[in-house]
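# Close look at the chain arrangement
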Amino acid sequence: MRGCVRISDAIRGAAAVLVAAAMPAFADGSPTPSGEPAPRRVVSMNLCLDQIAMRLAAPGQLLSVSALTADPDMSPLADRTAPYRLNHGRAEEIYLMRPDLVIAGSWISPATLSMMRNLGIRVEVLPPADSLEAIGEQIDRIGDMLGREDQAQWLRRDFESRLAALRQPPERGEAAIYYANGYTSGGKTLAGAILRAAGYDNIATEYGIDDTRVLPLEKLVMADPDRVVSGSHMPGRSQGEAIMAHPALIAVAPDARAETDRDWVCGTPDVLDAIAGLE
Amino acid sequence: MRLIAALSLLVALLFLVSLSLGPAEVGSLRGLQALLFGGDGPLPIVMREIRLPRAILGLLIGGGLGLAGAALQGYLRNPLAEPQLIGVSGMGALGAVIAIQTGLSTAFALGLPLAALAGAALGVAALMALAGPRGGSVTLILAGVAIASLAGAGIALVLNLSPNPYAAAEIMFWLMGSLADRSMSHVWLALPLMVLGSALVLATGRALDALTLGEQAAAALGVSPARLRWQLVAGVALIVGPATAVAGAIGFVGLVVPHILRPWVGARPSRLLPASALGGAAMLLAADIAVRLIVPERDLKLGVLTAIVGAPLFLHLIWKTRAGGRL
């Protein structure tokens with residue numbers, strides 16, 4: 001066994017050398033639309049952007065992704081993070097990787113962002129894709145940044161054609177999304193879009209909620225939805241999650257319960273699995 | 001007796017108001033009808049599973065805290081003794097947090113209230129050992145501050161060590177208390193132990209009366225100091241522990257209520273105990289009604305309101321102590 005491991009390590013090492021050797025050729029050969037050469041040392045520090053960058057980047061181009069992406073509760077690509085270093089969103093560790101492009105989500109702490117920019121690192125901040133339409137645009141944007149337009153075009157087309165195949169759902173009635181601490185998601189959120197795409201009317205809309213905010217449990221129960229989709233349980237325990245097991249919530253549509261999972265977290269092609277999961 | 005009748009009426013009224021108040025706008029009568037007789041649709045669920053436990057817990061926990069405060073003040077002969085200020089609630093909350101985070105609370109049904117009970121018992125026993133029956137106000141408050149700070153730090157540490165992303169945000173719940181979205185299962189967790197504790201504490205009334213004459217006089221009247229002490233430790237822990245386990249540490253109820261009611265009962269502990277229980281229930285029900293009226297959209301913590309009422313009174317008591325008043 002140990003011999004095998006050594007051999008595979010040796011192969012991987014050799015492959016890395018080859019990739020490294022091939023890199024300049026690749027990078028010089030495919031400039032980004034702005035005319036600059038494609039970045040060769042990319043660090044992504046946002047769970048959702050990581051998952052698109054991992055699908056688009058050339059071998060060896062993406063150095064590091066966020067530690068959350070390796071968490072199987074949060075990320076559908078958790079088992080594919082082995083080739084990457086995991087970062088924890090700290091300026092120091094990212095600077096030491098000498099990146100020529102950092103991709104960050106708009107939740108990045110302002111202090112970290114200004115620190116990295118002061119250190120001369122190019123940081124691109126992208127808003128989250130919070131609708132099905134925005135996913136395609138996000139794929140294109142990251143493809144452009146990485147100089148991988150062809151892969152982006154392929155990924156976007158594949159996603160959009162599979163989405164179109166799902167898009168004529170039957171009307172399934174009313175549903176409510178309910179997360180820890182009594183939060184719900186309305187129509188202008190990714191979770192709301194997933195619900196709609198699966199053929200459900202969202203009761204949050206009845207209450208004039210289109211973003212993610214608190215909906216008192218009483219109001220949810222009074223709307224009497226046909227289905228309740230509750231948030232997923234994180235490891236460990238909390239009082240905030242206890243509301244998802246409240247007897248009043250269980251009493252609503254007890255036979256048609258569902259839970260959000262890692263496919264619901266991010267605007268990536270994996271939302272198709274979330275939509276399919278509701279059927 | 002007139003006082004007890006008046007307080008009972010007030011509590012009943014506040015209980016009904018609490019039941020008719022909620023984000024879902026339903027008429028009080030329709031709501032009560034659904035509560036009592038059930039019916040179709042979601043309204044009976046709202047009334048029975050959401051509003052009823054909230055009102056019951058307000059009554060139960062407020063009553064328990066009022067009673068525990070009056071008993072502690074009678075025993076320590078110090079009006080500053082109050083379950084939260086002296087760290088007993090905090091220790092109860094620490095026990096609850098440890099039970100939840102270690103999985104003890106899911107491993108067996110009574111794990112949560114029993115762990116909180118153990119924490120509260122440790123807190124009240126430590127306090128009595130530190131302050132002693134004849135401890136002055138300064139000793140009592142210093143011991144209480146130390147125990148409460150340690151408990152608060154312990155809660156924050158345990159919740160921050162939790163792998164759960166929501167856990168750390170719950171420090172406020174444990175330190176300030178809330179009745180939002182509690183269920184009947186919480187009522188069943190707390191009720192039996194709290195009733196037992198209340199019976200123990202109410203039974204100390206005569207002994208506490210005797211104690212007002214001084215320890216020697218009390219001993220001459222047949223009061224056993226050791227027995228009284230343990231009865232109070234157990235009773236207060238049985239009340240405060242389970243109450244904290246389901247609603248967090250709610251402060252000042254046990255301070256304000258006995259203080260307001262004391263002149264009405266001729267400063268006799270045996271009469272103050274039941275009156276304080278009713279007064280505490282009224283105060284907590286009123287506070288829980290107020291948090292729903294002030295910012296209905298948010299879960300304003302109960303401790304915010306009880307502290308706004310209670311802290312000035314606390315300062316007033318300290319002021320009287322400094323001025324050489326009899327405490």
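The shown structure was predicted, so the numbers you read here are calculated from the model rather than taken from an experiment.

## Quick word on the overall build of chain A
The helix and strand tally for chain A stands at eleven helices and eleven strands. Out of the 279 residues in chain A, the part that is buried amounts to 48%. Contacts spanning at least 24 positions in sequence make up 61% of the contacts within chain A whose residues lie at least 6 apart. Carbon together with sulfur atoms contributes 54% to the accessible area of chain A, which is approximately 13,100 Å² in total.

## Details of the nonpolar core
Ile 61, Tyr 75, Leu 140, Trp 174, Leu 228 and Ile 250 of chain B are the most contacted members of the largest nonpolar core, which has 109 residues in total. If you tally residues by element for this core, the top one is helix 3 (residues 43-76) of chain B, at 16 residues. Of all hydrophobic cores here, the second largest spans 45 residues; its members include Val 42, Met 54, Ile 142 and Ala 198 of chain A.

## Examining the domain arrangement of chain A
As a measure of interface size, the accessible area lost when the parts come together is often cited. All names here are of chain A. Considered domain by domain, chain A is made up of domain 1 (37-162) and domain 2 (173-277). Together domain 1 and domain 2 conceal approximately 1,600 Å² of surface at their shared face, both sides included; 68% is due to carbon and sulfur atoms. Across the salt bridge formed by Arg 55 and Asp 270, the nearest N and O atoms sit 2.9 Å from each other. Seen at the junction of domain 1 and domain 2, the total is four residue pairs in polar contact (both at pLDDT 80 or more). Elements supplying a minimum of two residues to the side of domain 1 that touches domain 2: helix 2 (47-56), helix 5 (132-146) and helix 6 (149-166). Split into classes, the residues belonging to the side of domain 1 that touches domain 2 amount to twelve nonpolar, three polar and four charged.

## Some remarks on the packing of aromatic side chains
All names here are of chain B. Under the counting rule described, the total for this entry stands at two aromatic pairs over all chains. With a centroid separation of 4.9 Å and 80° between ring planes, the pair formed by Phe 173 and Trp 174 is classed as edge-to-face. For the pair formed by Phe 173 and Trp 174, the shared burial category is buried. Plain terms: the ring middles of Phe 252 and Phe 314 are 6.5 Å apart, the flat faces sit at 75° to each other, and that makes the pair edge-to-face. Of this pair, Phe 252 sits in the loop between helix 12 (225-247) and helix 13 (253-261) while Phe 314 sits in helix 15 (residues 302-322); the two residues are 62 residues apart in sequence, bridging distant segments of the chain.

## Focus: the pattern of salt bridges
Following the criterion strictly, the structure yields 17 salt bridges over all chains and no others. For the salt bridge of Arg 90 of chain A with Glu 93 of chain A, the shortest nitrogen-to-oxygen distance reads 3.5 Å. Take Glu 93 of chain A: its relative accessible area is 16%, and that puts it in the buried class. Between Arg 77 of chain B and Glu 215 of chain B there is a salt bridge; the shortest N-O distance is 3.0 Å. Separated by 138 residues along the polypeptide, Arg 77 of chain B in the loop between helix 3 and helix 4 (88-102) and Glu 215 of chain B in helix 11 (residues 215-220) bring together distant segments of the chain. You can call Arg 77 of chain B partly exposed: its relative accessible area is 31%.

## Examining unusual backbone geometry
Residues and elements named next belong to chain B. Positioned with a positive phi, Asp 181 is a non-glycine residue whose angle comes to about 55°. We classify Asp 181 as partly exposed; its relative accessible area is 29%. Its identity is not glycine, yet Phe 252 carries a phi of approximately 75°, on the positive side.

## A short note on the interface of chain B and chain A
Contact with chain B, which involves 30 residues of that partner, is made by 23 residues of chain A. Linking chain B with chain A are one salt bridge, by the criterion used here. Applying the counting criterion to the chain B and chain A interface returns ten residue pairs in polar contact (both at pLDDT 80 or more). Counting residues per element, the side of chain B that touches chain A draws most heavily on helix 3 of chain B, which supplies six residues. Looking at the side of chain B that touches chain A residue by residue, the classes come out as 16 nonpolar, eight polar and six charged.

## Considerations on the environment of Ile 56 of chain B
Residue and element names in this part refer to chain B. Mapped onto the elements, Ile 56 comes out in helix 3. Note: C-alpha distance between Ile 56 and Val 187 (131 residues apart in sequence) is 7.4 Å. Not counting residues up to four positions away in its chain, the partners in contact with Ile 56 are Phe 15, Met 184 and Val 187.

## Points about the state of the cysteines
Residue and element names in this part refer to chain A. Counted by the stated rule, this structure contains one disulfide over all chains. Note that Cys 48 is cross-linked by a disulfide to Cys 266, the S-S spacing being 2.0 Å. One quick way to see it: the torsion about the S-S bond of Cys 48 and Cys 266 is about -75°, and its sign makes the bridge left-handed. Remark: Cys 266 occurs in the loop between strand 11 (257-259) and helix 11 (271-277) and Cys 48 occurs in helix 2; sequence separation between them is 218 residues. On the basis of relative accessibility, which here comes to 2%, the residue Cys 266 falls in the buried class.

## Focus on the packing of helix 3 of chain B against helix 13 of chain B
Residues and elements named next belong to chain B. At a minimum axis distance of 8 Å, the contact between helix 3 and helix 13 shows a crossing angle of 70°. Here helix 3 is positioned roughly perpendicular relative to helix 13, judged by the angle of their axes. The way helix 3 lies across helix 13 gives a crossing that is right-handed. Judged by residue contacts, Gly 62, Leu 65, Gly 66, Gly 69, Ala 70 and Gln 73 of helix 3 engage Val 253, Gly 254, Leu 255 and Pro 258 from helix 13. Grouping the constituent residues of the contact of helix 3 with helix 13 by class yields five nonpolar, five polar and no charged.

Rules used in this analysis
- Residues numbered from 1 in each chain as written.
- Chains lettered and ligands numbered in written order.
- Predicted model: local features only at pLDDT ≥ 70, side-chain atom pairs only at ≥ 80, totals over all residues.
- Heavy atoms only, no water.
- Helix = DSSP H or I, 4+ residues; strand = E, 2+ residues; numbered from the N terminus.
- Buried < 20%, exposed > 50% of the residue type's maximum accessible area, 1.4 Å probe, protein only.
- Contact = heavy atoms within 4.5 Å.
- Areas by Shrake-Rupley, 256 points an atom, 1.4 Å probe, with all protein chains shown as cover.
- Core = buried A, V, L, I, M, F, W, Y, C linked by side-chain atoms within 4.5 Å.
- Domains from an automatic or database assignment.
- Buried area = accessible area lost by both parts, 1.4 Å probe.
- Salt bridge = Lys/Arg side-chain N within 4 Å of Asp/Glu carboxyl O.
- Polar contact = N/O pair within 3.5 Å; in protein donor to acceptor, adjacent residues only side chain to side chain.
- Nonpolar A, V, L, I, M, F, W, Y, C, P; charged D, E, K, R; others polar.
- Phe/Tyr/Trp six-rings, centres within 6.5 Å; stacked < 30°, edge-to-face > 60°.
- Disulfide = S-S within 2.5 Å.
- Axes fitted to C-alpha atoms, helices over the stretch in contact; angles between N-to-C directions.
- Parallel < 35°, antiparallel > 145°, perpendicular 65-115°, else oblique.
- Left-handed = near helix turned anticlockwise from the far one by under 90°.

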